Amino acid sequence: MNQFTIAKIVAVAALGVAAQSAFAIDGTVNFKGKIIEAPCSIAGESQNQNVELGTISTAYMATADGTKSTPVPFVIKLMNCGETATGATVTFSGPPNADNSAYLAVGLGETDPAAGVGIEVLDSAGNQIANNAASASYSLGKGDFSLQFKAGYVTTKKDAVKSGSGNAVANFTIAYK
């Protein structure tokens, strides 16, 4: 054999060994989800979202009980609703404010929590949805829908308003009609 042929054989063998290492197992992907009996699917971006309520001064919030910040809109997107989807209500549930359980508590578990304020959730018409209570019914049908909401701070005890973390967490549940 000539040297050129031997060099070709060595090169092909080396490429074969290199290609084999490209097929090594480097990790695992776990796919998770659920198939449920529901008329609609909830869009992935709606399942875990952050609503930025902004920075509000204590001087403004301490003016009176019931003082509200400008509400911030957010959306829960429903997809692929079937013909059986005629309506839905949404319930937001979270730890209640100590002064008024209709609002969400703020700053729980934080090292420097705000006080004297809670978070109010509103429906698309601007009506309050009390913590752990169902919203008014949203009309649905076949297709995709965006359920519109708003949230903002509300003063629950003006004499106790204190600066600090105004974060809260609420789970939501959709009940189909």
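1. Description of the state of the cysteines
One pass over the full model with this rule turns up one disulfide. In this model Cys 40 forms its disulfide with Cys 81; the gap between the sulfur atoms is 2.0 Å. One quick way to see it: the torsion about the S-S bond of Cys 40 and Cys 81 is about 120°, and its sign makes the bridge right-handed. Taken together, the positions of Cys 40 in the loop between α1 (3-21) and β1 (41-42) and Cys 81 in strand β2 (residues 72-81) put the pair 41 residues apart, joining distant regions of the chain. Of the two residues examined, Cys 40 and Cys 81, each falls in the buried class.

2. Some remarks on the packing of aromatic side chains
Overall, the coordinates contain five aromatic pairs when judged by the stated rule. Seen in terms of ring centroids, Phe 92 and Phe 172 are 6.4 Å apart; in terms of plane orientation they differ by 50°. Their pairing is tilted. Placement of Phe 92 in strand β3 (residues 87-93) and of Phe 172 in strand β8 (residues 171-176) is noted, with a sequence separation of 80 residues between them. An aromatic cluster is defined as three or more aromatic residues linked by ring pairs; in this entry it consists of Phe 74, Phe 92, Tyr 138, Phe 149 and Phe 172.

3. Focus: the side chain of Asn 97
Structurally, the position occupied by Asn 97 is in the loop between β3 and β4 (117-122). Of the polar contacts made by the side chain of Asn 97, one reaches the backbone nitrogen of Asp 99; its length is 2.7 Å. In terms of polar contacts, Asn 97 uses its side chain to reach the backbone carbonyl oxygen of Val 117, at 2.9 Å. Non-local contacts of Asn 97, meaning those with residues more than four positions away in its chain, are made with Tyr 103, Leu 104, Ala 105, Val 117, Gly 118 and Thr 156.

4. A closer look at the sheet that holds β8
Read across the open sheet, the three strands follow the order β6-β3-β8; overall the sheet is antiparallel. Of all the strands in the sheet, just β6 (138-139) and β8 have a single pairing partner and so form its edges. Where β3 and β8 come together, six bridges link them in antiparallel fashion. Within β8, the position partnered with Val 90 by the bridge is Ile 174.

5. Some thoughts on the nonpolar core
If you look at the biggest cluster of nonpolar residues, it comprises 26 residues, and the most contacted ones within it are Ile 76, Leu 78, Phe 92, Leu 147 and Phe 149. Only β2, β3, β4 and β7 (143-155) provide two or more residues apiece to this core. Excluding residues within four positions of it along the chain, Phe 149 makes contact with Val 72, Pro 73, Phe 74, Ile 76, Val 90, Phe 92, Leu 122, Asp 123, Ile 129 and Tyr 138.

The rules behind the values
Residues numbered from 1 in each chain as written. Predicted model: local features only at pLDDT ≥ 70, side-chain atom pairs only at ≥ 80, totals over all residues. Heavy atoms only, no water. Disulfide = S-S within 2.5 Å. Helix = DSSP H or I, 4+ residues; strand = E, 2+ residues; numbered from the N terminus. Buried < 20%, exposed > 50% of the residue type's maximum accessible area, 1.4 Å probe, protein only. Phe/Tyr/Trp six-rings, centres within 6.5 Å; stacked < 30°, edge-to-face > 60°. Polar contact = N/O pair within 3.5 Å; in protein donor to acceptor, adjacent residues only side chain to side chain. Contact = heavy atoms within 4.5 Å. Pairing = 2+ DSSP bridges. Core = buried A, V, L, I, M, F, W, Y, C linked by side-chain atoms within 4.5 Å.

No statement about biological role is implied by the geometric values presented.
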